[in-house]
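# A look at the structure
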Amino acid sequence: MAVEYLYESNDYLIVNKPYDMYINSDDEKETNTVTYHIASPDSHLSSSMQPLHFVQRLDYSTSGVLCIAKNKSAAAKAGKLFEKRETKKYYLTVVRGHVDLELADVEFEVGVDPSTDNSCHKMSALTTSEAFAECVQSRKAHTRMLVLETGFYDKDPVTVMLLKPITGRRHQLRVHCCAVGHTILGDYTYSGTRDCAPHRMFLHATRLVLPFKLETLDIITPEPFFSDPKFTKKWTPHRNFYKFRNKEQFNKTCDVIDKSYVIGVKYKLFSCKKG
């Protein structure tokens, strides 16, 4: 699959990463990477003649907006925005089941799954006090969730949601969705290897806002799921809460999730404190 350019300047390149593609690889023969499609295979290495700096990461299975800095100075500027949580990130996802609420804040800490603490391949949400004793390297995590639409995928109930990560932990969105009982459609890892029928994992980084001092970059991709025939031929609509299928609609929905609260909606806070 091609890597779509969304924005380019002297300092930054922002692309639309396809699903099931690595960002980079230490194996220069690996061609299924973003760097292979946009630069030399070794461009993520410091030894490269034209190194690239990835100021954010997307999982192999996740598609969407990916910001890449072309030099160290630009990487530092963008890195500070992410570090200070001044960026805004919005993801579209489809999860298993019909979510019985409209808006939620998920504040479960995220740490390395004890069963994979030697490899760090899997993370875990700390949903009970006992989990704090078992999990290692846990960190505070916060995700806002907004239900957009319910329907059926291949006759199974699913929900389209907008996710806004306030923090940026490894696998945070996937772990938080799983923790509230609604694993992302096609998430092989956090479904316990059961959800392998869909052609992809339905998580897409749709919009990224970078408020630089001289200019705010507001990058958005086209809606990725309902424009995919592999998805729509298995989709049956049920109930719509918010419109999101074009840029104007999506930005208005982002305004909703940006509010500290929304009057008249079914809200829930998911949280567990240590001890």
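It should be emphasised that the depicted structure is a prediction, and the values quoted were computed from it without experimental measurement.

### Details of the side chain of Lys-89
By the element assignment, Lys-89 lies in strand S5 (residues 88-96). This buried residue, Lys-89, is left without a salt bridge; Asp-59 holds the nearest opposite charge, at 12 Å.

### Re helix H4 (residues 172-179)
Counting buried positions along H4 gives six out of eight residues, so the element sits mostly inside the fold. Note on H4: the residue one or two positions beyond its end, Gly-181, has a positive phi of about 90 degrees.

### Some remarks on the pattern of salt bridges
A side chain with one charge can pair with a side chain of the opposite charge if their charged atoms come near. The final tally for this structure, using the stated rule, is twelve salt bridges. Here Glu-8 and Lys-70 are joined by a salt bridge, their closest N and O atoms 2.7 Å apart. Placement of the pair is Glu-8 in strand S1 (residues 4-8) and Lys-70 in the loop between strand S4 (63-69) and helix H2 (72-83), with a sequence separation of 62 residues. Assessed through its relative accessible area of 47%, Glu-8 is described here as partly exposed. The closest approach of N and O atoms between Asp-195 and Arg-96, which form a salt bridge, is 2.8 Å. You can see Asp-195 sitting in the loop between H4 and strand S12 (203-211) and its partner Arg-96 sitting in strand S5, a full 99 residues away along the chain.

### Details of the nonpolar core
One broad trend across soluble globular proteins is that nonpolar side chains are buried collectively. Membership of the largest hydrophobic core comes to 43 residues, with the highest contact counts inside it found for Val-34, Leu-66, Ile-68, Met-145, Met-161 and Leu-163. In this structure Met-161 touches Tyr-91, Leu-92, Thr-93, Val-95, Val-99, Met-145, Leu-146, Val-147, Leu-148 and Cys-177, once residues within four positions along its chain are discounted. In this structure, Tyr-90, Leu-103, Phe-202 and Tyr-242 belong to the second largest nonpolar core, which totals 26 residues.

### Some points on the side chain of Asn-16
On the secondary structure map, Asn-16 appears in strand S2 (residues 12-17). When neighbours within four sequence positions are excluded, Asn-16 is seen to be in contact with Val-3, Glu-4, Leu-6, Gly-64, Val-65, His-204 and Thr-221.

### Description of a positive patch on the surface
A cluster of basic side chains, namely Lys-77, Lys-80, Lys-84 and Lys-213, defines a positive patch on the protein surface. Along the chain, Lys-213 falls in the loop between S12 and strand S13 (216-220).

### Considering the packing of aromatic side chains
Under the counting rule described, the total for this entry stands at twelve aromatic pairs. Summarising the aromatic geometry, the rings of Tyr-12 and Phe-212 are spaced 5.0 Å apart at their centres and angled 25 degrees between planes, so their arrangement reads as stacked. Within this pair, whereas Tyr-12 is found in strand S2, its partner Phe-212 is found in the loop between S12 and S13, the two being separated by 200 residues in sequence. By relative accessible area, Tyr-12 is classed as buried at 6%. Both rings, one in Phe-225 and one in Phe-231, keep their centres 6.4 Å apart while their planes meet at 50 degrees; by these two values the pair is tilted. For the pair Phe-225 and Phe-231, one class covers both residues: buried. Aromatic ring contacts, followed pair by pair, group Tyr-153, Phe-202, Phe-225, Phe-226, Phe-231, Trp-235 and Phe-244 into a single cluster. Here Arg-200 stacks its cationic end above the ring of Phe-202, 5.7 Å away from the centre of that ring.

### Observations regarding the environment of Met-21
Inspection of the secondary structure puts Met-21 in the loop between S2 and helix H1 (34-38). Residues Met-21 and Gln-172 lie 151 residues apart in sequence; the distance between their C-alpha atoms is 19 Å. Not counting the four nearest positions on each side in its chain, Met-21 is found in contact with Met-1, Val-3, Asn-32, Thr-33, Val-34, His-37, Asp-59 and Tyr-60.

### Observations concerning the pairing of S12
In terms of burial, S12 is largely enclosed, as eight of its nine residues are buried. In this structure, S5 lies alongside S12, joined through six bridges in antiparallel fashion. In the strand pairing of S12, Lys-88 is matched with Val-209. In the sheet, S12 pairs with S13 via five bridges, with the strands oriented antiparallel. Paired with Leu-210 across the strands is Leu-217, a residue of S13. Hairpin connection between S12 and S13: a loop of four residues separates the two successive antiparallel strands.

Quick notes on the rules
- Residues numbered from 1 in each chain as written.
- Predicted model: local features only at pLDDT ≥ 70, side-chain atom pairs only at ≥ 80, totals over all residues.
- Heavy atoms only, no water.
- Helix = DSSP H or I, 4+ residues; strand = E, 2+ residues; numbered from the N terminus.
- Buried < 20%, exposed > 50% of the residue type's maximum accessible area, 1.4 Å probe, protein only.
- Lys, Arg positive; Asp, Glu negative; His and termini not counted.
- Salt bridge = Lys/Arg side-chain N within 4 Å of Asp/Glu carboxyl O.
- Core = buried A, V, L, I, M, F, W, Y, C linked by side-chain atoms within 4.5 Å.
- Contact = heavy atoms within 4.5 Å.
- Patch = residues over 30% accessible without salt bridge, like charges linked within 9 Å, V, L, I, M, F, W, Y side chains within 5 Å.
- Areas by Shrake-Rupley, 256 points an atom, 1.4 Å probe, with all protein chains shown as cover.
- Charge placed at Lys NZ, Arg CZ, Asp CG, Glu CD.
- Phe/Tyr/Trp six-rings, centres within 6.5 Å; stacked < 30°, edge-to-face > 60°.
- Lys NZ or Arg CZ within 6 Å of the ring centre and 35° of its normal.
- Pairing = 2+ DSSP bridges.

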